[in-house]
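# Working through the structure, step by step
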Amino acid sequence: MSRVTRFSSRDSGASARMVGFMAHLRENGLRLGVAEADISLNALTHVNAARPDDCRSVLRAICTGCKEEAERFDDLFDSYWMDSGRVKQRVIAKSLPRLNDDVHSSKDGTGEDSGASGSATAPDEGEGEADSDGTGKLIATQKQNLKRRDLRDIVRAEEIAEAEAVARLIGTSLRDRRSRRRIAARKGDRLHFRKTIRRSLSTGGEPLTLLKRKRPDRTRKIVALCDVSGSMSIYAQVFLAFLAGLMRAEKDADAYLFHTRLVRITEALRDKDAMRAIGRLSLMADGFGGGSKIGPSLQRFADTYAKRFVDGRSVVLIFSDGYDTEPPEHIAAALAQLKKRNCKIIWLNPLKGWRDYEPVAGGMAAALPHLDLFAPANTLADLAALETELGAL
Amino acid sequence: MTWTTVQIALAEQNYVASNDLSVALHLALALERPLLLEGAAGVGKTEVARTLSLARNTKLIRLQCYEGLDASQAIYEWNYQRQLLTIRSAAEDGETGKAVEDRIFSRDFLLERPLLEAITQDTPPVLLIDEIDRADEEFEAYLLEVLSDYQVSIPELGTIEATSKPIVILTSNGTRDLSDALRRRCLYAYVDYPDRTTELAILKSRCPQVDDTLARQVIGFVQKLRQEELEKTPGVAEMLDFAAALMGLGIADLTENPAVLQSTLITLLKTQSDQAHLTMDVAARIAGKAA
C-alpha cells in the first residue's frame, strides 16, 4: 500500500507541489496549461483536501480531458502524491503523441523530441527475413520482424512535398455535397431570410431582391491504412510519403500502419517537420517489414478507431497487396463491419498494376465484394491518376 | 457544501452517482465551470442533468446537437415573417425608416434559442448540451465563446450579458474527437458502466418493487452480458427496461423459463446480429451463471 509522499522540508508549500504535479503530468503527456494549477488549488478548497480520494477525484476532473487520460490518471496521481518520497517517476514510457503544438502555455508540453533522438532506431541492415529484394517473393510471412528500421532511410523529404501535392489533388476530387449547413450563395435552394429582410429595408420593406443560401461542398475525411509487411516493403516508400503528404494537406485525414499489429500514426505524421514526423513514425512502426495480418488488423481498426473516426463522410483507403497469413474470412468480416459505418472503401493494390494480375490471393478475393473501388497504385503518379475515379464515387 | 451533499441530493431524486461524478458535479457548481461527461450510450449522462435540475429545483434547458446545427438554431434567430409583416404595415402607416428599424430589431422580434435562453434566466438553470460530438467543429467554436464569456453578441441589438450563469453540462458519446480548446474549458468526468453494487442500487432506487433475488439475477445477467462481444452493449436504461419487462411478465426467476427470457432480450439487444449471437442456450447459460 502506498503512502502519501513526504516532501522535503525545503519545499515551499502547496502551490509549489501543485506546480510540480502539473509538470509531472505534462512530462507524461497530458496537455495542461498554466491555468490548471491555479484552478486545482482553488478547487481543493471546496473539498476536504486532507482526504487523498477527494483530491484524486478533484484533480482528475480538472486535469484530464479524455477517457485515456482519465484511465492513466490513477497511476500518475499515485506516483506523485502517494509514492512515499519517490517523486517524479515516469509512469508510462511512451509519451502520448499529440496532434498539434498549440498548448496555451508558454511551457513546451512535450519536453522531448522523438525525432531527434535517433538512438532507438537501428539503421537498416537489410537482413530482415521478410525484406523483399524486388524479385517477386510474394508470400506473406508469419515472422514478426522485431528489428526496427529507420524509415527516414526510405523516405526523402522531396517525396513528401511531391506527395503533398498529390494528396491535395485527391482531397479536392473527393468533395461531398451533403453538408447540412447552408451558407449565403448567389444561387441557392433556400431563401436567406436574414439578408433578404436587411436588404428590403432600403426598398421600404418590399423584398425586391431575394437572397439565397445553399449547402456548401464539403471535403471528405480520408482515412488511410497502409500495409507495411514484408511483401509490401518495396512499395512502402511511395505510400509512406503519400501518407505524410496527406497529413499535411488534409487537416481531417487520419492514418494507420499495420503489419502484424495496427498502429495509429496520425499524430506522429502531423509533426511540423516532415522528416521528424517520419522519424517519430519509425519509433512506432517496429515490426515494419515483417509478417502481415491484414484481417485481424482491419478488424481491430473496425472495432476501435473506426467507431470514433469513420462516418458517412469518410473514405477509407487501404494500401495492401492482400497477402494475409490469416484466413480470408477475417478480411471479409472486418470490411463488412467497416462498411456499416457508411463509408467508402477503396483498396489500392500495387500488384494490380502487373500484367495478367488476377485477385486470386484469398484475402483479396474475399475483400472485393465490399470495395467501392479496387485500383492499382505503384507510384505517386498512379495515385495522382486516381483523381478522376475518386471524383466519380 | 461538500460533494456528498450533491450525491445525496441526486440520490433523493433516484439517481445513484459515483464518487468521481459527484465530486466533478460539485466542482462544476462551486467553480462555475462547464462539465463534460463522456461515456457510452445509455450510462445516464443526460439523466445527470435532468436530475440535477430537479434536485436544485431549476429549469432544464436542453440543446440537442446534430450535424449542421448552427447559430440560428442554437443561439437566436430573428422572427423574419413577423418582421416582414411589420415593415409592410409600417409602410402603410407612414412610419419612418429609422423607427421601423428600431422596432423590428428589438427583443420582441427575437426568437430565443437554448443558449440565449439559458443566460437570460433569473435563476441559474441547468443547460444541457447533449451529444456535442454530433455537432460540427464550427459550432464548437460558437459554444466556446458563449461558455467563456457568458454573453451573446447580436449585431443589430448589441451584446446581451448573462443575468445568471447557467450550470452547463455537456455530454459526448465519443463519435468524434472534441477540440482541445473545448476540453480545456470544461471539467471532465468519464461515466462508465456501473459496477455490480452501484447498478443494484440504481435498480433498487428506480424500481423499488422488484424483489431481491430477481434484482440480483437481473444485474448479474446484464453485467455478464456486457462482457460478451456485442455490437451494442446494453446500458443502464436497457437494464431498467429489462427488469420492468420481467416484472410485467410476472417472472420471479430468470432461469426458470429460457423461452420467456429469450423473448425479453429485445429490451437489451438492439441489433439483429446481437440477437442472433445470443441464442436461447447462450442466454440460459449466462442466466445460470448469474444466478
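Residues numbered from 1 in each chain as written. Chains lettered and ligands numbered in written order. Predicted model: local features only at pLDDT ≥ 70, side-chain atom pairs only at ≥ 80, totals over all residues. Heavy atoms only, no water.

The name given to chain B in an unreviewed UniProt entry is MoxR-like ATPase, with the source organism recorded as Cognatiyoonia sediminum.

### Focus: the nonpolar core
In terms of nonpolar packing, the biggest core is built from 73 residues, with Phe 242, Leu 243, Leu 269, Phe 319, Leu 335, Trp 347 and Leu 383 of chain A touching the most fellow members. Among the elements that make up this core, the one with the highest residue count is helix α8 (residues 233-249) of chain A (twelve residues). Setting aside chain neighbours within four positions, we find Leu 335 of chain A in contact with Leu 298, Ile 318, Ile 345, Trp 347, Ala 367, His 370 and Leu 371 of chain A. Counting residues in each nonpolar core, the second largest holds 49 residues, with Met 22 and Leu 25 of chain A together with Leu 25 and Ala 189 of chain B among its members. (Core = buried A, V, L, I, M, F, W, Y, C linked by side-chain atoms within 4.5 Å. Buried < 20%, exposed > 50% of the residue type's maximum accessible area, 1.4 Å probe, protein only. Helix = DSSP H or I, 4+ residues; strand = E, 2+ residues; numbered from the N terminus. Contact = heavy atoms within 4.5 Å.)

### Here's the deal with the sheet that holds strand β5 (residues 126-130) of chain B
Residue and element names in this part refer to chain B. With respect to topology, five strands assemble into an open sheet ordered β2-β5-β8-β1-β9, the strand pairing being parallel. Lying at the two open borders of the sheet, with one neighbouring strand each, are β2 (60-64) and β9 (187-190). Shown here is a sheet whose adjacent strand axes are inclined to one another by a mean of 20°, direction ignored. Bridge count for β2 against β5 is five bridges, and the pairing is parallel. By the bridge assignment, Ile 61 is partnered in β5 with Leu 127. Each of β1 (35-38), β8 (167-172) and β9 is contacted by helix α2 (residues 19-31), which is oriented at about 160° to β9, the strand it contacts most. Contacting β1, β2, β5 and β8, helix α3 (residues 45-55) runs over the sheet at an angle of about 165° to β8. (Pairing = 2+ DSSP bridges. Axes fitted to C-alpha atoms, helices over the stretch in contact; angles between N-to-C directions.)

### Overview of the packing of helix α1 (residues 14-27) of chain A against helix α2 (residues 35-44) of chain A
Residues and elements named next belong to chain A. Running from N to C, α1 and α2 point in directions that differ by 130°, and their axes come no closer than 9 Å. The angle between α1 and α2 places the two elements in the oblique class. Crossing hand, α1 versus α2: right-handed. Facing Ala 14, Ser 15, Met 18, Val 19 and Met 22 of α1, the residues of α2 in contact are Glu 36, Ala 37, Ser 40, Leu 41 and Leu 44. (Parallel < 35°, antiparallel > 145°, perpendicular 65-115°, else oblique. Left-handed = near helix turned anticlockwise from the far one by under 90°.)

### A short note on α2 of chain B
Residues and elements named next belong to chain B. Between its first and last C-alpha, α2 extends 18 Å over 13 residues, near the 18 Å set by a 1.5 Å rise per residue. When you tally the buried positions in α2, you get ten out of 13 residues, the bulk of the element. By the burial criterion, the buried members of α2 are Leu 21, Ser 22, Val 23, Ala 24, Leu 25, His 26, Leu 27, Ala 28, Leu 29 and Leu 31. Note on α2: the residue one or two positions beyond its end, Glu 32, has a positive phi of about 55°. (Expected span 1.5 Å × (residues − 1).)

### Describing the packing of aromatic side chains
Residue and element names in this part refer to chain A. This structure, assessed with the given rule, holds 14 aromatic pairs over all chains. Arranged with centres 6.2 Å apart and planes meeting at 85°, the rings of Phe 21 and Phe 77 form a pair that is edge-to-face. With Phe 21 in helix α1 and Phe 77 in helix α4 (residues 67-81), the pair connects residues that are 56 residues apart, well separated along the chain. On the basis of relative accessibility, which here comes to 0%, the residue Phe 21 falls in the buried class. Judged by its relative accessible area of 2%, Phe 77 is buried. Ring geometry for Tyr 256 versus Tyr 305: centroids 5.0 Å apart, planes at 50°, classification tilted. With Tyr 256 in strand β7 (residues 254-258) and Tyr 305 in helix α12 (residues 305-309), this pair connects stretches of sequence that are 49 residues apart. By relative accessible area, which is 0% here, Tyr 256 ends up buried. Joined through ring pairs, the aromatic side chains of Phe 21, Phe 73, Phe 77, Tyr 80 and Trp 81 make up one cluster. For Arg 264, the ring lying beneath its charged end belongs to Phe 309, and the centroid distance is 4.3 Å. (Phe/Tyr/Trp six-rings, centres within 6.5 Å; stacked < 30°, edge-to-face > 60°. Lys NZ or Arg CZ within 6 Å of the ring centre and 35° of its normal.)

### Looking at the interface of chain B and chain A
Counting residues at the interface gives 45 residues for chain B and 41 residues for chain A. Between chain B and chain A lies a buried interface of about 3700 Å² when both sides are counted; carbon and sulfur atoms form 51% of it. Sorting the residues of chain B by area buried against chain A places Tyr 80, Arg 184 and Tyr 188 of chain B first, and these three jointly supply 19% of that buried surface. The interface formed by chain B and chain A contains four salt bridges. A salt bridge links Asp 20 of chain B to Arg 60 of chain A; its shortest N-O distance comes to 3.1 Å. Remark: the boundary between chain B and chain A carries nine residue pairs in polar contact (both at pLDDT 80 or more). (Buried area = accessible area lost by both parts, 1.4 Å probe. Salt bridge = Lys/Arg side-chain N within 4 Å of Asp/Glu carboxyl O. Polar contact = N/O pair within 3.5 Å; in protein donor to acceptor, adjacent residues only side chain to side chain.)

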